[in-house]
Amino acid sequence: MRNIWTIVKKELTRVFTDKGVIISLFILPPLTIYLIYGLMGMSAEKANKSANEYTAIVYVINAPDKISSNEKEAASFEAFLDENLEINANITYEDSNKLVEIKTKLENEEIDLIIEFPSNFKETVENYIDTLPKVNMYYNINKTYAENIYLSFQNTLTLYENKIAGTRVDLDLLKVFEIVKDKTGDDEKEKGSAISKILPLLIVIYLMAGGMGIGMESVAGEKERGTIATLLVTPIKRSQLAIGKIISISIISVLSSIASFIGLLAVMPSFAKIGGDTEEGFGKISYDLTDYAMLFTVMFAAVLLFVAIIVVVSTYSKSVKQAGTLVMPIYLLVMGAAFFNVFTQDIPQSISSYIIPIYNIVLALKAVFQFELSITNWLFTVASTFGYTIILIFLIQKMFRSEKIMFNK
Amino acid sequence: MLKVKNVTKTFRLSKKQMKLENTTNHHKIAANDVSFEVEPGEIFGLLGPNGAGKTTILRCISTLIKPDSGDVLIGDEMISAVNEDNKARGYLSFLTSELKLEDHFTPNYLFNFFGRLYGLDDETIEKNKQKLFNQFGINEFAEVKVSQLSTGMKQKISIAVSLVHDPEIIIFDEPTNGLDVLTAKTVTDYLFQLRNEGKTIIVSTHIMNLAAKLCDRIGIIIDGKLRMVGTLDEILKSTNTTDLEDAFFIIFKQVKEEEGGAL
Ligand SMILES: Nc1ncnc2c1ncn2[C@@H]1O[C@H](COP(=O)(O)OP(=O)(O)OP(=O)(O)O)[C@@H](O)[C@H]1O
Ligand SMILES: [Mg+2]
């Protein structure tokens, strides 16, 4: 125990007496996270502000008149919009025969949104016909505020539906019509706007990078410079030396991650702004204590696994350069797993996805940010990650006892 | 007391090494059935050309590598450096220019650090430090980072740190390698002093003069085999020469003739 502590103390002294290392491990990562996401949050806010000043061009086809039933009345759609719409919009009312022409305008990005009621909407609703009438909404995702405008109108339509339902006696029939969303344009653009998906990637990159430098230095570097042999002729056990190295690299890595995490905490509020797509969503997304706890434990487990991976490679290598060459494919693999997650839409809930090494970390991070990480899946992620780490620690101890590895020329 | 008994060590060569050594053999017998003894108060020298196996033997003694067969026994208790390597390490010290110190630290820090790894208490560490730092003139640099010191001073610090536990047995691979005449003399003088204190000392070298001057007994090693062991006089007598270099060539020639190869 004393020997392990002696090694840990030496490694920590090594790092904390080196200004360059302190800056690159503890100051730069949180600062860059804060700056990048702070700026993104700011520009999202700005975009939102100008969205409020924008006047949407909207066409409504077959806008229904007053709807009356049981001597109660709902105002015409036009009147309803005038009263309830929360955004600026220039609204034109047309018949079905103009639809094709207007749709062309939408494709050419001249207008923002089309709402199409079926021509028999009023009759269907007034007569309680079983099949729900479909209200189609068309918008072009390539237009700057299309998504926001669509969501505002969708809200207003829902209010309108409630209003009509209010005229009815039969409360079972609260559902009056069905809103069908029909968007054209480039779908990737929408995905790209959801920055929340990129954050896991960034976190994983930082977590691994945090341990990489010192991890490679601390074993491969010592081998290369011949300083580890000096330790190997002392009575310290190989396993103690290995454990001492792992503990100290982990401590430094975890501290570096905590620094990044603080940067993340500082920027989370504005990050929520970026994540929220609608005006309603703005500022309303908030993570509670459980989310933070899950986020932190997953990050912690991830750091330890990354450290173990790096130390295995570092121990195997003859020089820092070789360690760098060997660790690169692993780093790319990790980044690949993270990238893969950026472009997958939904989050799998099966346990099997949460025991795949590294992939489960990225998945869990992504799930946390989207409020979809269940306790079970969290548990499996953290437990399996610890499991893999322990296996690697045994491997490292074995490697430290091998003269072929410690003395390869 | 140090007893090397029939130590054999074979290395598997990588493709690159095979090319470098100009051989088609996948294996290299770096130490071949090597036996010798060194008494306390004696300096024993392994003398041989490059690649003879000197470092390999010294590494086997210092527990850094394990021989394929044979044993190394250490001290009065005859501790096996092969089977009880951790215990044996407490009794010996391995010095070589290959073993470096982390130069980010000060001599003072390193001395304390290694003292603790050898299981010494603070008092003993402090006592040994005073003695060794005085001996090598390290005191005024005790708090300077090693990276800022000269090669000679680094070597002295290296020696001081390796001797932190006042070991019975001192193993020194190429003791004057890369040192200027003055530093080299400090080192050899200190080795004499240690010998007079009754330490068991073994050095390796390919420098004839150094072997002749420093060693009480010399073992000539060629191609992994110990070819002749004795005092300088004994070696000169049995080869009928007056100079160690001539003696070495005669032995070398004999070996090559026995093996049927040309020089
Ligand atoms: N780890 C190793 N793997 C493979 N071959 C090795 C290894 N260590 C030593 N050798 C080989 O064993 C032989 C003896 O090497 P050794 O270093 O013991 O020689 P030496 O007498 O110390 O030579 P030098 O004077 O050059 O230091 C050499 O041919 C060397 O290439
Ligand atoms: Mg050598």
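Residues numbered from 1 in each chain as written. Chains lettered and ligands numbered in written order. Predicted model: local features only at pLDDT ≥ 70, side-chain atom pairs only at ≥ 80, totals over all residues. Heavy atoms only, no water.

Looking now at the overall build of chain B. Helix and strand content of chain B: ten helices and ten strands. Taken over C-alpha atoms, the radius of gyration comes to 19 Å for chain B, in line with the 18 Å a tight globule of 263 residues would show. Projected onto its principal axes, the C-alpha coordinates of chain B cover approximately 60 × 40 × 40 Å. Counting every position in chain B, which comprises 263 residues, the buried fraction comes to 53%. Sequence separation of at least 24 residues holds for 66% of the intrachain contacts in chain B that already meet a minimum separation of 6. Of the roughly 12200 Å² that chain B leaves accessible, carbon and sulfur atoms contribute 47%. Counting 31 positive and 37 negative side-chain charges, chain B places the averaged centre of each group 6 Å from the other. (Helix = DSSP H or I, 4+ residues; strand = E, 2+ residues; numbered from the N terminus. Rg over C-alpha atoms; globule rule 2.2 N^0.38 Å. Buried < 20%, exposed > 50% of the residue type's maximum accessible area, 1.4 Å probe, protein only. Contact = heavy atoms within 4.5 Å. Areas by Shrake-Rupley, 256 points an atom, 1.4 Å probe, with all protein chains shown as cover. Lys, Arg positive; Asp, Glu negative; His and termini not counted. Charge placed at Lys NZ, Arg CZ, Asp CG, Glu CD.)

All names here are of chain B. As a matter of local geometry, ligand 1 sits amid 17 residues, with Glu21, Gly51, Lys54, Thr55 and Thr56 nearest to it. Take threonine 56: an N or O atom from its side chain is 2.5 Å from an oxygen atom of ligand 1. When the free accessible area of ligand 1 is taken as 630 Å², the share hidden by the protein chains comes to 83%. Elements that contribute at least two residues to the shell around ligand 1 include exactly helix 1 (15–21), strand 2 (27–38) and helix 2 (54–61). The biggest single contributor to the shell around ligand 1 is helix 2, with three residues. Classifying every residue of the shell around ligand 1 gives six nonpolar, six polar and five charged. (Near = heavy atom within 4 Å. Polar contact = N/O pair within 3.5 Å; in protein donor to acceptor, adjacent residues only side chain to side chain. Nonpolar A, V, L, I, M, F, W, Y, C, P; charged D, E, K, R; others polar.)

To continue, consider the sheet that holds strand 8 (residues 200–205) of chain B. Residues and elements named next belong to chain B. Spatial strand order, 6-7-8-3-9-10: six strands in an open sheet with mixed pairing. The outermost strands of the open sheet, each flanked by one partner alone, are strand 6 (92–96) and strand 10 (225–230). Across the sheet, the mean angle separating the axes of adjacent strands is 15 degrees when strand polarity is ignored. Pairing of strand 9 (residues 217–222) with strand 10 involves five bridges; the strand directions are antiparallel. Each residue of the ladder has a partner; that of glycine 219, found in strand 10, is valine 229. Across the face of the sheet, helix 10 (residues 244–258) comes into contact with strand 3 (42–47), strand 9 and strand 10 while running at roughly 35 degrees to strand 9. (Pairing = 2+ DSSP bridges. Axes fitted to C-alpha atoms, helices over the stretch in contact; angles between N-to-C directions.)

Residues and elements named next belong to chain A. Counted residue by residue, strand 6 (residues 134–140) has six buried out of seven residues, so it is predominantly covered. Sheet topology places strand 5 (residues 113–116) next to strand 6; four bridges connect them, and they run antiparallel. Opposite leucine 113, over in strand 6, you have tyrosine 139 as the bridge partner. Across seven bridges, the pairing between strand 6 and strand 7 (residues 178–184) is parallel. Within strand 7, the position partnered with methionine 137 by the bridge is lysine 181.

Residue and element names in this part refer to chain A. Throughout the structure, instances matching the rule amount to 16 aromatic pairs over all chains. Residues phenylalanine 117 and tyrosine 160 carry aromatic rings whose centres are separated by 6.4 Å and whose planes lie at 80 degrees to one another, so their mutual orientation is edge-to-face. Taken together, the positions of phenylalanine 117 in the loop between strand 5 and helix 5 (121–126) and tyrosine 160 in helix 6 (residues 146–166) put the pair 43 residues apart, joining distant regions of the chain. Residue class for phenylalanine 117 comes out buried when judged on its relative accessible area of 0%. Its relative accessible area of 1% is what places tyrosine 160 among the buried residues. Summarising the aromatic geometry, the rings of phenylalanine 340 and tyrosine 359 are spaced 6.3 Å apart at their centres and angled 45 degrees between planes, so their arrangement reads as tilted. Taken as a pair, phenylalanine 340 in helix 12 (residues 320–343) and tyrosine 359 in helix 13 (residues 359–369) lie far apart in primary sequence, 19 residues in all. Judged by its relative accessible area of 19%, tyrosine 359 is buried. Within the aromatic cluster, the residues linked to one another by ring pairs are Phe77, Phe80, Phe117, Phe121 and Tyr160. (Phe/Tyr/Trp six-rings, centres within 6.5 Å; stacked < 30°, edge-to-face > 60°.)

A separate point is the sheet that holds strand 1 (residues 56–61) of chain A. Residues and elements named next belong to chain A. Reading across from one edge, 4-1-5-6-7 is the order of the five strands in this open sheet, with mixed pairing throughout. Two strands in the sheet have a free side with no partner beyond their single neighbour: strand 4 (89–94) and strand 7. Strand-to-strand twist in this sheet, taken as the mean axis angle between neighbours without regard to direction, amounts to 20 degrees.

Once that is clear, we can look at the environment of glutamate 42 of chain B. Residues and elements named next belong to chain B. Note on placement: glutamate 42 falls in strand 3. The class of glutamate 42 is buried, set by a relative accessible area of 9%. Sequence separation between glutamate 42 and isoleucine 202 is 160 residues; the distance between their C-alpha atoms is 8.2 Å. Side-chain polar atoms of glutamate 42 contact the backbone nitrogen of glutamate 39, separated by 2.8 Å.

A separate point is the environment of leucine 199 of chain A. Residues and elements named next belong to chain A. Examined against the element boundaries, leucine 199 turns out to sit in helix 8 (residues 199–225). Note on leucine 199: relative accessible area 2%, which makes it buried. The spatial distance from the C-alpha of leucine 199 to the C-alpha of alanine 338 is 9.6 Å, given a sequence separation of 139 residues.

So, on to the nonpolar core. Formed by 164 residues in total, the largest nonpolar core has its most connected members in Phe306 of chain A together with Phe36, Ile61, Phe114, Leu191 and Ile202 of chain B. Sorting elements by how many residues they give to this core places helix 11 (residues 289–316) of chain A first, with 17 residues. Counting 31 residues, the second-largest nonpolar core is a separate cluster that includes Ala51, Ala56, Val60 and Met137 of chain A. (Core = buried A, V, L, I, M, F, W, Y, C linked by side-chain atoms within 4.5 Å.)

Moving on, we come to the interface of chain A and chain B. The interface is formed by 27 residues belonging to chain A together with 28 residues belonging to chain B. Carbon and sulfur atoms supply 59% of the area buried between chain A and chain B, which totals about 2600 Å² over both sides. When residues of chain A are sorted by the area they lose upon contact with chain B, Val233, Pro235 and Glu403 of chain A head the list and together hold 23% of the total. Inspection of the chain A/chain B interface yields two salt bridges. Across the pair lysine 9 of chain B and glutamate 403 of chain A runs a salt bridge, and its minimum N-O distance is 2.4 Å. Along the contact surface separating chain A from chain B lie twelve residue pairs in polar contact (both at pLDDT 80 or more). Among the elements of the structure, helix 1 (2–16), helix 8 and helix 9 (227–232) of chain A are those that each provide at least two residues to the side of chain A that touches chain B. (Buried area = accessible area lost by both parts, 1.4 Å probe. Salt bridge = Lys/Arg side-chain N within 4 Å of Asp/Glu carboxyl O.)

Looking now at the packing of helix 11 of chain A against helix 13 of chain A. Residues and elements named next belong to chain A. The contact between helix 11 and helix 13 brings their axes to 10 Å, and the two run at 165 degrees. By the angle between their axes, helix 11 is roughly antiparallel relative to helix 13. Between helix 11 and helix 13 lies a crossing whose hand is left-handed. Residues Asp291, Met294, Leu295, Val298, Met299, Ala302 and Leu305 of helix 11 lie in contact with helix 13, whose contacting residues are Ile361, Ala364, Leu365, Val368 and Phe369. In terms of residue class, the contact of helix 11 with helix 13 is made up of eleven nonpolar, no polar and one charged. (Parallel < 35°, antiparallel > 145°, perpendicular 65-115°, else oblique. Left-handed = near helix turned anticlockwise from the far one by under 90°.)

A word on helix 6 (residues 151–162) of chain B. All names here are of chain B. Along its twelve residues, helix 6 runs 16 Å from first to last C-alpha, staying within 8% of the 16 Å computed at 1.5 Å per residue. When you tally the buried positions in helix 6, you get ten out of twelve residues, the bulk of the element. Tucked into the core, helix 6 has its buried residues touching strand 6, helix 4 (107–117), helix 5 (122–136), strand 7 (169–173) and helix 7 (181–196). (Expected span 1.5 Å × (residues − 1).)

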